Amino acid sequence: MIAQGTFPVEPWTVREKSLDLTLLGSAESLFALSNGHIGFRGNLDEGEPHGLPGTYLNSFHEDRPLPYAEAGYGYPEVGQTVVNVTDGKIVRLFVDDEPFDVRYGRLSSHERVLDLRAGTLVRAADWTSPSGKRVRVRSTRLVSFVQRAVAAVEYVVEALDDVRVILQSELVANEALPQQSGDPRVAAVLTSPLVSVEHDSGLAGATLVHRTRSSGLQMAAGMENHVEAPGRVEVETHDAPDWARTTVVCVLAAGERLRLVKFLAYGWSAQRSQPALRDQVAGALSGARFAGFEGLLSEQRAYLDDFWNAADVVVEGDAEVQQAVRFGLFHVLQAGARAEQRGIAAKGLTGPGYDGHVFWDTEGYVLPVLSYTAPQAAADALRWRARTLDQARRRARELGLAGAAFPWRTIRGPESSGYWPAGTAAFHVNGDIAAAIERYRIVTGDTSLETDGGLEVLVETARLWMSLGHHDADGLWHVTGVTGPDEYTAVVADNVFTNLVAAQNLTVAAKACHRHPDLARSLGVGLEETAAWRHAADAVHVPYDEDLRVHQQCEGFTRRPEWDFAANSDYPLLLHAPYFDLYRKQVVKQADLVLALFWFADRFSAEDKARDVDYYERRTVRDSSLSAAIQAIAAAEVGHLELAHDYVYEAASIDLRDLHHNTGDGLHIASLAGTWLALVNGFGGMRDAGGRLVFNPALPSGISRLMFSVRWRGTTLCVDVGHSQVTYSVRDHDESVEFSHGEEVLHLHAGDSATRPVVAPTPLLPRPPQPPGRAPVRRGADH
């Protein structure tokens, strides 16, 4: 765990005031830059030392066989792993003949700053070489939101003594990577995954083109270096199949500076030719050169100013959560802003954890945030799902099912999970995708996504549920043999979350077909089929324990043996207990029934929610980073506001404090998105079920004021919550919005505001305990 105070609490930056080599891997993830297409880990400019070198292109991967001790029909045969592509970040410095390496000589100062408004990583270092020569180094790195294929590095060396300076600006492919640990959440290691196709260079730049060995993907990386020096300077470039190097040599007197600006461009394709990729990179470098480094900085700041104007969340009274929610929003934006019909991985492009796979986290956590803050990015991610529909259809047929079965984990569409109880059986991902499509329509009012592949996804996922579910003799509709969000309770009957998301999927699909009758007919959907969908949805079974008066996470869950925490409370349990034992006990990995309380709030009474939260809090071990934010929302709704605040802190600080000891593999993008959800849906009390926007805000004692904005059908609605009152206002010119404060319907026009009292919920039950050792990480505590 990263100690509290390692990164000073500042509202708009994450600052590392000195270099701690033991935290190098975690810092590389925290300081990662991305635009959704290109991802740079926050490696030191010189490339070494490193925790894990990483440069990624969204969805660029290698195929690898999935080994099985005993294979079975329907098991996926090919896995996918994100590739560490050609590294263009590297700028090596030699002072006289000694390399600038932070492990040698004397590092007088070293600071790195991730600026959340500028979209840059700035580094400053004062270093004395082993022979006593002093230099000051400052670098600024960005990955452009505006010019999708472009990144840039400015590297400035100031001589504090008379020195000869040599810079080596490099492109390097097939970097050596550390070996994989025994943790299944860590990526597989690919040895030299890139095969050289072409390499060429000019005076101050070069281009390398490579392809993968198995997946057949091609990528190109190019660099162009611009040098400013006070006197004589020599520049030359050499290239080889896996590297290219531009070398700059000059002599600096004390006080003089050498400035290198390095423009980088990346592109990849499964279809375009080698010349087309090479030309794409050349064109992107021309665009970067035309803008200049200062122009790229200006474009970046303007892009982020526009984003923060509508997306910022202000948290007064808790400076740590304030910093963390902005940090989280920044990385959520980086993960999806320019993904442009490619998936948003669980780690974004910050590291290779989970092999770079996309999970249901995207639709369940990330897209709700993007729908309210950057809706175009949400639409692009959903269009990517629609583009993979044929692969989902093939997977459904392979499983003997109708419709489409979307993968539990993938990079480009096929199922890549070799563990079917948590993978194949987690059919709720199909309903999660359908829910994200519907939420985008509700939030934006835009129906174009439905006509651009969305309706077809809704229809085919509805058909999947009809082939999975069945009516019993009493007319109730059941779904059996599935795994819900809680992967410790696998292959069960009537998981509540799965049943309700399936029912929602069926209802949403039927309504969408009614909105688009001609398109529905072209998909073979008739009135009889939509009527069957509605009938199944209306008859869905929701298991309930009449004796305990709580909902069962799945049929029979509350009658299972309890987990013996005295015998095993080594977390995460998945690394210390056999799955068969987890599967048969009352132990919950992550919010599941409690997630249903949030997603389908209108299906549960206030009393139900209070009892369900009380019951499942005691059994949920939070071995998943997806849990804390949802438990925060549920706790806030039932009146446990201080418990909710603790969970918000945990969700917010999961990476800034490395709570799960794996931040070095990449950030937990869904948990970072969950911080926004916990604040806006939890303390802001926002719900959007049924197409209505509703707020029931209440704050814990440690937060004095919460301000946020949401984009609702083209209008920016601002919400300012205090302990006694909340003020709503509309920012946009000539726009209006209708929403509810509790049961009261409000209609505001541009420039209007309305203030209403805040009524905090009264808890019906005492604050519940958690499993041993699983109380939320509290503010101000070091664990």
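Predicted model only: the values in this text are computed from it and were never measured.

Novice: How should I be thinking about the sheet that holds strand β13 (residues 163-172) in this particular structure?
Specialist: What links the strands of a sheet is backbone hydrogen bonding, and the strands pair in either a parallel or an antiparallel sense. Taken together, the five strands give an open sheet; going across it, the order is β8-β7-β13-β18-β17, and neighbouring strands pair in antiparallel fashion. Looking at which strands have only one partner, the edges of the open sheet turn out to be β8 (98-99) and β17 (233-240). Bridge count for strand β7 (residues 91-95) against β13 is five bridges, and the pairing is antiparallel. The residue bridging arginine 92 from the neighbouring strand is glutamine 168, located in β13.

Novice: Help me understand the sheet that holds strand β28 (residues 715-721), please; the structure alone is not making it clear to me.
Specialist: Sheet architecture is open: five strands sit in the order β20-β27-β28-β29-β32, paired in antiparallel fashion. The open sheet has two edge strands with one neighbour each: β20 (313-316) and β32 (753-757). Taken pair by pair, the neighbouring strands of this sheet meet at an average axis angle of 15°, ignoring direction. Sheet analysis places strand β29 (residues 725-730) next to β32, joined by five bridges and oriented antiparallel. When the sheet's bridge partners are listed, glutamine 725 is paired in β32 with proline 757. Against the sheet, helix α17 (residues 669-683) touches β20 and β27 (705-712), its axis set at about 95° to β27.

Novice: Help me understand the nonpolar core, please; the structure alone is not making it clear to me.
Specialist: The nonpolar side chains of a soluble globular protein tend to be buried with one another. If you look at the biggest cluster of nonpolar residues, it comprises 192 residues, and the most contacted ones within it are Trp676, Leu679, Phe683 and Leu717. Not counting residues up to four positions away in its chain, the partners in contact with leucine 679 are Val313, Val315, Val321, Val325, Val648, Gly684, Ile703 and Leu706. Membership of the second largest hydrophobic core comes to 23 residues, among which are Val95, Val102, Leu252 and Leu260.

Novice: Just to check I follow, could you spell out the environment of asparagine 225 for this structure?
Specialist: Within the element layout of this structure, asparagine 225 appears in strand β16 (residues 218-228). Placed 253 residues apart in sequence, asparagine 225 and histidine 478 show a C-alpha to C-alpha distance of 63 Å. When near neighbours in sequence (up to four residues on either side) are disregarded, asparagine 225 contacts Ser169, Ala204, Gly205, Thr246, Leu260, Val261 and Lys262. Only 2.6 Å separates the side chain of asparagine 225 from the side chain of serine 169, close enough to count as a polar contact.

Novice: I would appreciate a short explanation of the packing of aromatic side chains in the present structure.
Specialist: Aromatic ring pairs are described here by two measures, namely the spacing of the ring centres and the angle between the planes. If you walk through the whole model with that rule in mind, you get 25 aromatic pairs. For the ring pair phenylalanine 695 and phenylalanine 708, a centre distance of 6.3 Å and an interplane angle of 40° mean the geometry is tilted. Of this pair, phenylalanine 695 sits in strand β26 (residues 694-695) while phenylalanine 708 sits in strand β27, and the two are 13 residues apart along the sequence. A relative accessible area of 0% places phenylalanine 695 in the buried class. Centroid distance phenylalanine 695 to tyrosine 728: 5.5 Å. Interplanar angle 45°. Geometry classified as tilted. Note that phenylalanine 695 is positioned in strand β26 and tyrosine 728 in strand β29, a separation of 33 residues in sequence. Tyrosine 728 sits in the buried class, given a relative accessible area of 0%. The side chain of arginine 326 reaches across the aromatic face of tryptophan 12, ending 3.9 Å from its centre.

Novice: For this particular structure, what's the right way to read unusual backbone geometry?
Specialist: In terms of backbone geometry, most residues other than glycine have negative phi values and most peptide bonds are trans. Across the junction of glutamate 48 and proline 49, the peptide omega takes the value -5°, indicating a cis bond. Tracing the backbone shows proline 49 in the loop between β3 (38-40) and β4 (55-57). One non-glycine residue, serine 192, lies in the positive phi region at around 45°. You can see serine 192 is positioned in the loop between β13 and β14 (194-201).

Novice: Is there a simple way to explain the pairing of strand β10 (residues 120-128) in this structure?
Specialist: Two faces, one strand: in a regular strand the side chains alternate between the faces of the sheet. Counting buried positions along β10 gives eight out of nine residues, so the element sits mostly inside the fold. Summarising the sheet, strand β9 (residues 106-115) and β10 pair through nine bridges and their orientation is antiparallel. Bridging across to β10, histidine 110 finds its partner in alanine 125. Where β9 folds back onto β10 in an antiparallel hairpin, the turn is made up of four residues, including glycine 119, whose phi is positive at roughly 70°. Here eight bridges tie β10 to strand β11 (residues 134-143), and the two strands are oriented antiparallel to one another. Across the sheet, the residue bridging to leucine 121 is arginine 141, located in β11. Where β10 folds back onto β11 in an antiparallel hairpin, the turn is made up of five residues, including glycine 132, whose phi is positive at roughly 100°.

Novice: Mind showing me how you'd approach the side chain of threonine 128 here?
Specialist: As for its position among the elements, threonine 128 is in strand β10. Threonine 128 sits in the buried class, given a relative accessible area of 9%. When near neighbours in sequence (up to four residues on either side) are disregarded, threonine 128 contacts Gly105, Arg106, Ser108, Lys133 and Arg134.

Here is what the cut-offs are and how they apply
- Per chain, residues are indexed from 1 in the order of the written sequence.
- In keeping with the predicted nature of the model, local features appear solely for residues at pLDDT of at least 70, side-chain atom pairs appear and are counted solely at 80 or more, and the whole-chain, interface and lining totals rest on all residues.
- Values shown for side chains rest on all heavy atoms present in the structure; no hydrogens or waters enter the calculation.
- In short, DSSP must find at least two bridges between two strands for them to pair.
- Per the convention used, a helix needs a DSSP run of H or I reaching at least four residues, while a strand needs a run of E reaching at least two, with both numbered from the N terminus.
- The axes used here are C-alpha line fits, helices contributing only the stretch in contact, and every angle between their N-to-C directions lies in the interval 0 to 180 degrees.
- The criterion used for residue contact is that any of the two residues' heavy atoms lie within 4.5 Å.
- Buried Ala, Val, Leu, Ile, Met, Phe, Trp, Tyr and Cys residues form a nonpolar core when they are joined through side-chain atoms within 4.5 Å.
- Categorising residues by exposure relies on relative accessible area from a 1.4 Å probe, with only protein chains included: less than 20% of the type maximum marks a residue as buried, more than 50% marks it as exposed, and the intermediate range marks it as partly exposed.
- Any pair of N or O atoms that falls within 3.5 Å is considered a polar contact. Within protein, one atom must be able to donate a hydrogen and the other to accept it, and sequence-neighbouring residues count only if both atoms are side-chain atoms.
- Each pair of aromatic rings taken from Phe, Tyr and Trp, with Trp reduced to its six-membered ring, is defined by centres within 6.5 Å and is described as stacked if the planes are under 30 degrees apart, edge-to-face if over 60, and tilted in the remaining cases.
- A ring is considered to have a charge above it if a Lys NZ or an Arg CZ atom is located within 6 Å of its centre and within 35 degrees of its normal.

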